[in-house]
Amino acid sequence: DGDNKRQFSGLYIFVSRSMPKPLLKNYLREANKYGGALVLKGLPQGSFKELTKFVIDLTGKDGDLQDIAANIQIDDEAYEKFQVISV
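Given the structure is predicted, the values throughout are model-derived calculations rather than measurements.

Reading guide: rules and limits
- Residues numbered from 1 in each chain as written.
- Predicted model: local features only at pLDDT ≥ 70, side-chain atom pairs only at ≥ 80, totals over all residues.
- Heavy atoms only, no water.
- Pairing = 2+ DSSP bridges.
- Helix = DSSP H or I, 4+ residues; strand = E, 2+ residues; numbered from the N terminus.
- Axes fitted to C-alpha atoms, helices over the stretch in contact; angles between N-to-C directions.
- Contact = heavy atoms within 4.5 Å.
- Core = buried A, V, L, I, M, F, W, Y, C linked by side-chain atoms within 4.5 Å.
- Buried < 20%, exposed > 50% of the residue type's maximum accessible area, 1.4 Å probe, protein only.

1. Brief notes about the sheet that holds strand S1 (residues 12-14)
And then number 1: Overall, parallel pairing links the 3 strands, which are arranged S1-S2-S3 in an open sheet. Edge positions in the sheet fall to S1 and strand S3 (72-74), since each of these pairs with one other strand and no more. The sheet shows a mean angle of 35° between the axes of neighbouring strands, direction not considered.
And then number 2: Relative to strand S2 (residues 37-40), helix H1 (residues 21-33) is tilted by about 130°, and along the sheet it contacts S1, S2 and S3.

Have a look at this one:
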């Protein structure tokens, strides 16, 4: 049918790197608890290195958050689909 629209399901928590770290950590825990994900728009400063630095800074090198770092996503399409202009 030519309709290749992506389906969105689950819990999305739209966030920004500029948000306070304690808030982001709480959101990450909640996203994990309810099967959701933190969603960023674009790579931080256009760099995978900066993304890695952000994730490590947020989750630490050990502890409970490191295991749920996979709950952080970059998804520009979700921002457009849900018309998110501010987080």
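After presenting the structure, the write-up continues.
2. A short note on the nonpolar core
In a soluble, globular protein the nonpolar side chains are often hidden away together inside.
And then number 1: In this structure, Val15, Leu28, Leu38, Leu58 and Ile72 are the most contacted members of the largest nonpolar core, which totals 16 residues.
And then number 2: For this core, the secondary-structure elements that each account for two or more residues are H1, S2 and helix H2 (48-59).
And then number 3: Top element by residues in this core is H2. It accounts for 4 residues.
And then number 4: If you look at the next biggest cluster of nonpolar residues, it comprises 5 residues, including Phe14, Val39, Ala78 and Val84.

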